[in-house]
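One-letter residues, chain by chain:
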Amino acid sequence: MSDTTRRALLGAGLLLGAGTLSGCGGPPDSICLEGDQPVESGARLSLPSLGAETHLRKEPQLGLLGLAVSPDGARVAAHEWWHRQALSESETAGTTIWDTATEEIVARFDDTMTGAIVWHPHEDLIATAGELAIHLARPDGEVLWTLGGHEESDSRRSRVIRDLAFSPDGDQLASLSTDGTIRLWSLAGGTCATQPVLRVSYGTPMALAYSRDGSQIAVAVQGRGAEHWDARTGERATALEGCSQDAVGIAADDQGRFVLGIAEEARLQSASPDSGCGRDVESGIPVPEYLAVGPDGRLAVSGGESEALEIWSAGLAGHERIDLPKSVPDIGAPGELGRTAWAPDGTLYAVTRWWGVIKWDGQEWSPLEIP
């Protein structure tokens, strides 16, 4: 991997020293706590050399890991970075929700969440992640459950919950941390129950996805390639054979396959639990870590400090590159793109470092209200 690619990964959320768990014994148990409750945590680490996420700037800034659109497409959620509150630039730090029709902010929660976000596929609930804790909350900010168990950062390793996913039926939530675990919770019937903790063999877990039928969970693992498990039993399945060892992104397509983002040489690769990894195609995104499949099967690809994204047709048959404007009057430059998310009508939303949430309607970009 080139030095440029390594720096891009660091700036996009892969922190130095994060990786699989080491030491004796298994990972700690998961927990379900009713309501908004604290989860044991350590002091915040100061790592000024690891990119713009740690710089205290007075401009609007959102975390690049978190973005989700409601199932009806009416709202979009992202995370306002904690330092804006520390600098008295904002009264809140954490989850922000926009109305997609008016493009205005409709809710702001002071929950200090900065990681992944996912909207429940059938109910008006969102799951939001910080370094340790996950909130299952209503969009008005009421926290129904606090979920925990992931390991905290220490002096040697900085850990973050990089990804969240609901199963297609909404009865299970999966979380992925750079502590090397995938944690499962059963949320059927409005209750919360812990399920098996899955452990990555080695390497750094970067992203997860459920299969379209919800039976499997697959994980992109940098230094390993891809692994997958039975989502119902937690049993490890055979590795996805023939995949690159540098997987940083993953998504499930509408044909029962997974698509992997490969950092090495910037490629995309299709994969199937039955037939292993197949053909790969070159991508213009230097670190294709954020993959999102739309309602019509198109795939959005972003990441690696790029100020552009690619939209691929189903089956990776072809693509178009969409660049961000260099600058907008009174707003300035957008900065790099982070995670993307599709609305049911095919509108594509993305989070950028300095503009916040923006949308692509097929013709042009437009920023939503800036926090």
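The model shown is predicted, which means the values in this text are computed figures rather than measured ones.

Draft legend 1. Structural context of the nonpolar core. In this structure, L67, V76, W98, Y349 and V357 are the most contacted members of the largest nonpolar core, which totals 17 residues. Every element with two or more residues in this core is listed here: strand 2 (62-69), strand 3 (75-80) and strand 26 (348-352). If one sorts the elements of this core by residue count, strand 2 sits on top with five residues. With residues up to four places along the chain from it excluded, the contact list for Y349 reads L67, V69, V76, T100, R339, T340, A341, A343, V357, I358, K359 and L368. In terms of nonpolar packing, the next biggest core, distinct from the first, is built from 16 residues, V118, L164, F166 and W185 among them.

Draft legend 2. The arrangement of the confidence of the model for the protein in detail. Model confidence for the protein is summarised by a mean pLDDT of 84, while 86% of its residues fall at 70 or above. Taken together, the stretch residues 1-24 has pLDDT below 50 and engages in 62 contacts with residues farther than four places along the chain or on a different chain. Across residues 41-58, confidence stays below pLDDT 50; counting only partners more than four residues off in sequence or on other chains, it has 34 contacts.

Draft legend 3. Spotlight on the pattern of salt bridges. Taken as a whole and judged by the stated rule, the model has 13 salt bridges. Two residues, R298 and D296, come together in a salt bridge whose shortest N-O distance is 2.8 Å. Taken together, the shared-partner salt bridges in this structure form one network comprising R224, E227 and R236.

Draft legend 4. Structural view of the environment of E131. Within the secondary structure, E131 is located in the loop between strand 7 (126-129) and strand 8 (134-137). Placed 19 residues apart in sequence, E131 and T112 show a C-alpha to C-alpha distance of 9.6 Å.

Draft legend 5. Quick peek at the sheet that holds strand 14 (residues 204-210). A sheet is described by the order of its strands in space; here three strands give the open sequence 14-15-16, paired in antiparallel fashion. Each end of this open sheet is capped by a strand with a single partner; those strands are strand 14 and strand 16 (225-230). Across this sheet, the average inter-strand angle for adjacent strands is 25°, counted without regard to direction. For strand 15 (residues 216-222) and strand 16, the ladder comprises six bridges, and the chain directions are antiparallel. The partner of Q216 across the bridge, within strand 16, is D230.

Conventions adopted
Residues numbered from 1 in each chain as written. Predicted model: local features only at pLDDT ≥ 70, side-chain atom pairs only at ≥ 80, totals over all residues. Heavy atoms only, no water. Core = buried A, V, L, I, M, F, W, Y, C linked by side-chain atoms within 4.5 Å. Buried < 20%, exposed > 50% of the residue type's maximum accessible area, 1.4 Å probe, protein only. Helix = DSSP H or I, 4+ residues; strand = E, 2+ residues; numbered from the N terminus. Contact = heavy atoms within 4.5 Å. pLDDT = per-residue confidence, 0-100. Salt bridge = Lys/Arg side-chain N within 4 Å of Asp/Glu carboxyl O. Pairing = 2+ DSSP bridges. Axes fitted to C-alpha atoms, helices over the stretch in contact; angles between N-to-C directions.

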